[in-house]
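One letter stands for each residue in the lines below.
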Amino acid sequence: MAKIKIKQIGSPIRRPESQKKILIGLGLGKMNRVVELEDTAEVRGAIAKLPHMVAVVD
């Protein structure tokens, strides 16, 4: 299956608890951290909920 790289570009400070939990679920939590995950509908949905905090890296 295809992989996707996700980089955290926003801080979780002063964000709702649900957004912090989504970041942790993606394997993020600190600024500028990059993770490589399977390109699934669940991961794409999590990215769509945090467009201001994460970016897809090529």
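Before reading on, note that the structure itself is shown above.
None of these values were measured; they are calculated from a predicted model.

Q: Explain the sheet that holds strand β1 (residues 3–8) to me, using residue names and the numbers behind them.
A: Ordered in space as β2-β1-β3, the three strands form an open sheet in which the pairing is antiparallel. Only two strands of the sheet have a single partner each, and these edge strands are β2 (34–38) and β3 (54–57). Going across the sheet, the axis of each strand differs from the next one's by a mean of 35°, ignoring polarity.

Q: Account for the side chain of Gln 19, naming residues and giving values.
A: Mapped onto the elements, Gln 19 comes out in helix α1 (residues 17–25). On the basis of relative accessibility, which here comes to 17%, the residue Gln 19 falls in the buried class. Apart from residues no more than four positions distant in its own chain, Gln 19 is found in contact with Leu 50, His 52 and Met 53.

Cut-offs and rules
Residues numbered from 1 in each chain as written. Predicted model: local features only at pLDDT ≥ 70, side-chain atom pairs only at ≥ 80, totals over all residues. Heavy atoms only, no water. Pairing = 2+ DSSP bridges. Helix = DSSP H or I, 4+ residues; strand = E, 2+ residues; numbered from the N terminus. Axes fitted to C-alpha atoms, helices over the stretch in contact; angles between N-to-C directions. Buried < 20%, exposed > 50% of the residue type's maximum accessible area, 1.4 Å probe, protein only. Contact = heavy atoms within 4.5 Å.

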